[in-house]
Amino acid sequence: MPDAVADLWQTLPVMAQDIAWFVLLLLPALVVGIVVLAGYRPFALVGAILWRFRWTSLLFVALIAVSVGIGVGLIAQERGLRQGTARAADKFDLIVTAPGSEVTMMMAAVYLQPVDAPLLSGAVYNEIASHDRVSLAAPIAFGDSYRAAPVIGTTADFVSHLSGDLATGRLFATHGEAVIGARVALDIGDSFEPAHGAGPAAEEGAHAGAAYTVVGRMRPSGSPWDKAILVPVEAVWAVHGLPDGHGPQHEGALGPPFDADYFPGTPAILVRAEELWANYALRSDFTRADTMAFFPGAVLARLHSLLGDVRQVMSVMAIVTQVLVTAGVLAGLVILTRLFSRRLALLRALGAPRRFVFAVVWSYAAALIGAGAALGIGVGVAATAIISRVVTARTDILVRASLDWPELHLVAGFVSLTVLLALVPAFVALNRPVAPELRA
Amino acid sequence: MDDALALTVSDLRVLGDDGRAILTVPHLAVPQGAAIGIRGPSGAGKSTLLFALAGLASRASGRVAWGTTDIVAMGEGDRAAFRRERIGMIFQDFLLFEELGALANASLAASFAPRRRRGAIARQAGATLARLGLAGGARAVASFSGGERQRVAVARALSTDPAIILADEPTASLDRETADRLVDDLVALARETGKTLIAVSHDPAVHRRMDRLVDVVDGTLAAEAPADA
C-alpha cells in the first residue's frame, strides 16, 4: 500500500506535489479550526475583541509577521542568489586555465573578481582552438580596468556569444575599439584610457596614450559582464608592450587564428563545444599537468550544496525563532485573555457552552496567527526584494526576489503548529471561575 | 400557568474560597411568574444567592430546584444548557460588548445557539429592542447612555424567551428617572409573558414593583416581608 501511494505520488506533476504538500501542511490547522468552530458563529465577538485590543493585536501580528518574514526571506533570498549566480554562469560552459583553484579562477573568469593568475601559452590556446569538437575558444584576458569597470581582452566571437546581437552599435574591428556592457557609464563614441590593474591598486596613466573608443553596447545579461568593457585581446597585449598574437607579416583582421610564437598568454580561455557531451571529453583532455579545465556550473553546484547545509541550519534557526516568537505571543495572549475575562464569564453566565468560549479565544489567537503569517509572506518578499537589489548593485549579479512553494510550505507548517499551540491559552481562559468576574 | 418551573430552594449552602459558608438558605419557594426582590446590606450575600440560583456557584450544596430540575446536582455543561434554555440574566454594569451594535449584543445568544434557533433569537432581540424604544442599528453600544445600555441588556436577557429572569442590581448604575422607566419596562415584559423575575436590588423603586421581598442578612436568608415595606 505505501508503495502504491509512493508510485502515485511520483506520477504527480511537481506543481501538484507542491500544492498537495501545502494542503497537507495546512491540514492540521484546518481540522482544528473545523472541530473547534463546528456549530458556532463566534466571528462577530472575535472581531469585537480584535477591535477592542487593536493596538495589542497589531503588535502581536507584527511580531509574528517579522518572524515569519525572516524565514520566508531567508529561503527566498538563498534561492534568488543561487539562481542569480547560476544564470550569470550560464554562458560559460567550460573554462580552461593554468592549474590552481577552480573557485578562484571561476570568480575571476565568470564573475570578473580581480585576481593575479598565471597565463596559458599560445600553444595551449591553439591546441584548444583547433580541437575537433570546439566551436568557440575565446581568450579572457583580465587585469586592466577603467574606473570600476574591468577591461577584458577577448575576441569578437566571444562578444557575440555573450550578447547575441548587440543592443546598439557594432563589434570592435580595430585595436582602438571597445564594446561595453549594458550598465557601463559610457556612450557610443566616448573615448577612455584604461588603467593597469583594478580597484585601489590600479595604476592610472600606466597605459597613457592607449585610448579606446566605444563602438557598441551589449544587451543586459544580469551578470558582472554588464559592467565590463570588452576590447580586442590584441589591443590588451599591445597596450602592455607585448606582441599582439600575430606574426610580423600578418595583415589581416583581429582574432584567431593566433601565432603561438607571438602569443603573450591569456589567464583563461572560454571553451564551447559543438555538442553538450563533448564538453566532458574536452574537460578530461585538458585536465593535465599544465592546464586545468572545469565547468563553472559544477563548481557553482558544489558551492551551492555547501551553502545548502548552511541554509538548512539557518532554516532551522528561523523556524525556532518563529516558534519562540509565537510562544511569546501566546504567553502574552494568556495575559490578554485576562483583560476580557469578564466578557468570557458573561458568555458562560448566558449559558454559552465551554467549547464556545474556547472557540472565541482560539479564533482570536488563530486570527492573529493567520494575519501575522499572511503579512509575514509580504514582509519576507519585500525584504528579499530590497536585499536582492543591494546584492545586485554590489555584485552586478542579477538577483530576483520571488515567492515559491518552499516558503509557502514553511508558512503552512508554521500556521498549523502555532494554531495547535493556541489551544493552550484557550484552555487556560476556560479555567477561570465565572461568578467572581460577574460582580460589578 | 402551570408551576413547571417554580423555584424551590432548601438547605442551600454556598462556600467561599476559604471553605466557610458565605450563604445559607434554609428554604425559599417562588411560584412561576412571580416577581421577587432580594434585598439586604452590601456584602450580605445577595448576589451570591442570585448566582447560586443560576447555577454559577462553584461550591454549593443543598437543593436549588427549578420545577423538578435541581441545578446544584447538575454538571457544569448541563447547568450551562439550562441557563441557555431557561434563564436570562441582567447585571449592574450591563456587561455588553462595547464594540458591537445594539442588535448584535441583544442577539448574542444566537452565536452559540443551534442553527434552528438563531432566527428566533434575532427576531426576539429586535422586537424587544423596538419595544424598549431602541433602534437595532450597527452603532457600537460604546456610545450609548447607561439607560440605553441596560435596555440592550434587557433585550439580550429576553432574546431566548426564557422562563426566568435573574437581575443583579439592574438600576444601580442608572439615574432615578431612567431607573424607574427601566424597572417598569422590565416588570411589564416579565408579567406579560409569565416569566419569573428575581431581582437583587437596593432600590426601593424596584422593591415597590415586586410581588414580595426576601432579605439576606449576614449570609442568611431571613424572614420574608411584604412588597411595600
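Residues numbered from 1 in each chain as written. Chains lettered and ligands numbered in written order. Predicted model: local features only at pLDDT ≥ 70, side-chain atom pairs only at ≥ 80, totals over all residues. Heavy atoms only, no water.

## Overview of the pairing of strand 3 (residues 35-39) of chain B
Residues and elements named next belong to chain B. Filter applied, for reference: Here the term buried applies to any residue with accessible area under 20% of the maximum for its type, exposed to any over 50%, and partly exposed to those in between, with areas from a 1.4 Å probe on protein chains only. A run of DSSP states H or I qualifies as a helix once it reaches four residues; a run of E qualifies as a strand once it reaches two. Both are numbered from the N-terminal end. Strand pairing is assigned whenever DSSP detects at least two bridges linking the two strands.
Extensive coverage of strand 3 is indicated by the burial of five of its five residues. Burial of strand 3 is two-sided: the residues Ala-35, Gly-37 and Arg-39 facing one way and the residues Ile-36 and Ile-38 facing the other way are all buried. Looking at chain direction, strand 3 and strand 8 (residues 196-200) are connected through four bridges and run parallel. Within strand 8, the residue paired with Ile-38 across the bridge is Val-200.

## A look at the domain arrangement of chain A
All names here are of chain A. The test is simple: Each domain's extent was defined by an automatic or database domain assignment. Here, two residues are considered to be in contact whenever any of their heavy atoms come within 4.5 Å of each other. A simple way to read buried area is as the amount of 1.4 Å-probe accessible surface that goes missing from two parts once joined, with both sides added. Between Lys or Arg on one side and Asp or Glu on the other, a salt bridge is scored when a side-chain nitrogen of the former is within 4 Å of a carboxyl oxygen of the latter. Counting of polar contacts relies on pairs of N or O atoms within 3.5 Å, with two restrictions inside protein: one atom must be capable of donating a hydrogen and the other of accepting it, and residues adjacent in sequence are counted only when both atoms are side-chain atoms. Asp, Glu, Lys and Arg are counted as charged, while Ala, Val, Leu, Ile, Met, Phe, Trp, Tyr, Cys and Pro are counted as nonpolar; the rest, among them Gly, fall into the polar class.
Each assigned domain of chain A is listed with its residue range as follows: domain 1 (2-87 + 303-439) and domain 2 (94-294). In this structure, domain 1 and domain 2 have C-alpha centres spaced 51 Å apart. Taken together, the contacts link seven residues of domain 1 with seven residues of domain 2. Summed over both sides, the interface of domain 1 with domain 2 buries roughly 650 Å², with 54% coming from carbon and sulfur. On the domain 1 side of the interface with domain 2, the three residues burying the most area are Leu-303, Asp-396 and Ile-397, jointly 61% of the side's total. Viewed at the interface, domain 2 and domain 1 are joined by two salt bridges. Asp-396 is the partner of Arg-183 in a salt bridge, and the nearest nitrogen-oxygen pair spans 2.9 Å. At the boundary of domain 1 with domain 2, the tally comes to four residue pairs in polar contact (both at pLDDT 80 or more). Of the residues contributing to the side of domain 1 that touches domain 2, the split by class is three nonpolar, three polar and one charged.

## Thoughts on the interface of chain A and chain B
It is common to report an interface's size as the accessible area lost on association of the parts. Taken together, the 25 residues of chain A in the interface contact 25 residues of chain B. At the boundary of chain A with chain B, total buried surface from both sides reaches about 2,500 Å², with 63% on carbon and sulfur atoms. Linking chain A to chain B there are four salt bridges. One salt bridge connects B:Glu99 with A:Arg52, and the closest N-O pair in it is separated by 3.2 Å. Between chain A and chain B we count ten residue pairs in polar contact (both at pLDDT 80 or more) in total. When residues of the side of chain A that touches chain B are traced back to their parent elements, those giving at least two are helix 3 (43-52), helix 11 (341-349), helix 12 (354-395) and helix 15 (435-438) of chain A. Ranked by the residues each element gives to the side of chain A that touches chain B, the list is headed by helix 11 of chain A, at six residues.

## What about helix 13 (residues 405-421) of chain A?
Residues and elements named next belong to chain A. We apply this condition: The span one expects for a helix is its residue count, reduced by one, times 1.5 Å.
In this model helix 13 runs 24 Å from its N-terminal to its C-terminal C-alpha over 17 residues, within 8% of the 24 Å that 1.5 Å per residue would give. In terms of burial, helix 13 is a largely internal element, twelve of the 17 residues being buried. Within the sequence span of helix 13, burial applies to Trp-405, Glu-407, Leu-408, His-409, Leu-410, Val-411, Ala-412, Phe-414, Val-415, Ser-416, Thr-418 and Val-419. Where helix 13 is buried, its residues touch helix 2 (14-37), helix 4 (54-88), helix 10 (296-339), helix 12 and helix 14 (423-430).

## Some details on the packing of helix 2 of chain A against helix 13 of chain A
Residues and elements named next belong to chain A. Which entries qualify depends on this criterion: For helices, the fitted line uses only the C-alpha atoms of the stretch in contact; every axis is such a line through C-alpha atoms, and the angle between N-to-C directions lies from 0 to 180 degrees. Geometric relationships in this document are graded by angle, where less than 35 degrees denotes roughly parallel, more than 145 denotes roughly antiparallel, 65 to 115 denotes roughly perpendicular, and other angles denote oblique. In this scheme the crossing of two helices becomes right-handed for a clockwise turn of the near helix relative to the far one and left-handed for an anticlockwise turn of less than a right angle.
One can describe the packing of helix 2 onto helix 13 by two numbers: an axis separation of 7 Å at closest approach and a directional angle of 15 degrees. Here helix 2 is positioned roughly parallel relative to helix 13, judged by the angle of their axes. For the pair helix 2 and helix 13, the sense of crossing is left-handed. Residues Met-15, Asp-18, Ile-19, Trp-21, Phe-22, Leu-25, Leu-26, Leu-27, Pro-28, Ala-29 and Val-32 of helix 2 form the contact with helix 13, whose own contacting residues are Trp-405, Leu-408, His-409, Ala-412, Gly-413, Val-415, Ser-416, Val-419 and Leu-420. Its residues assigned to classes, the contact of helix 2 with helix 13 shows 16 nonpolar, three polar and one charged.

## Thoughts on helix 6 (residues 122-129) of chain A
An α-helical segment advances 3.6 residues per turn. Residues three or four places apart therefore align on the same side. Residue and element names in this part refer to chain A. Convention followed: In this description, one arc is meant: the one made by directions from the helix axis to the C-beta atoms.
Of the positions making up helix 6, those classed as buried are Gly-122, Val-124, Tyr-125 and Ile-128. For helix 6, the angular spread of buried residues about the axis comes to 160 degrees, placing them on one side. The inward-facing, buried residues of helix 6 abut strand 1 (94-97), strand 2 (134-146) and strand 10 (268-273).

## Topic: the packing of aromatic side chains
Residue and element names in this part refer to chain A. Definition in use: Between 30 and 60 degrees the pair is tilted, below 30 it is stacked and above 60 it is edge-to-face, where a pair is any two Phe, Tyr or Trp rings, Trp via its six-membered ring, whose centres lie within 6.5 Å.
Within the structure shown, the criterion is met by 18 aromatic pairs over all chains. The interplanar angle of 55 degrees and the centroid separation of 6.2 Å between the aromatic rings of Phe-92 and Phe-158 together place this pair among those described as tilted. Here the residue Phe-92 occupies a position in the loop between helix 4 and strand 1, and Phe-158 occupies one in helix 7 (residues 156-163), the gap between them amounting to 66 residues. By relative accessible area, which is 2% here, Phe-92 ends up buried. Residue Phe-158 is classed as buried on the basis of its relative accessible area of 0%.

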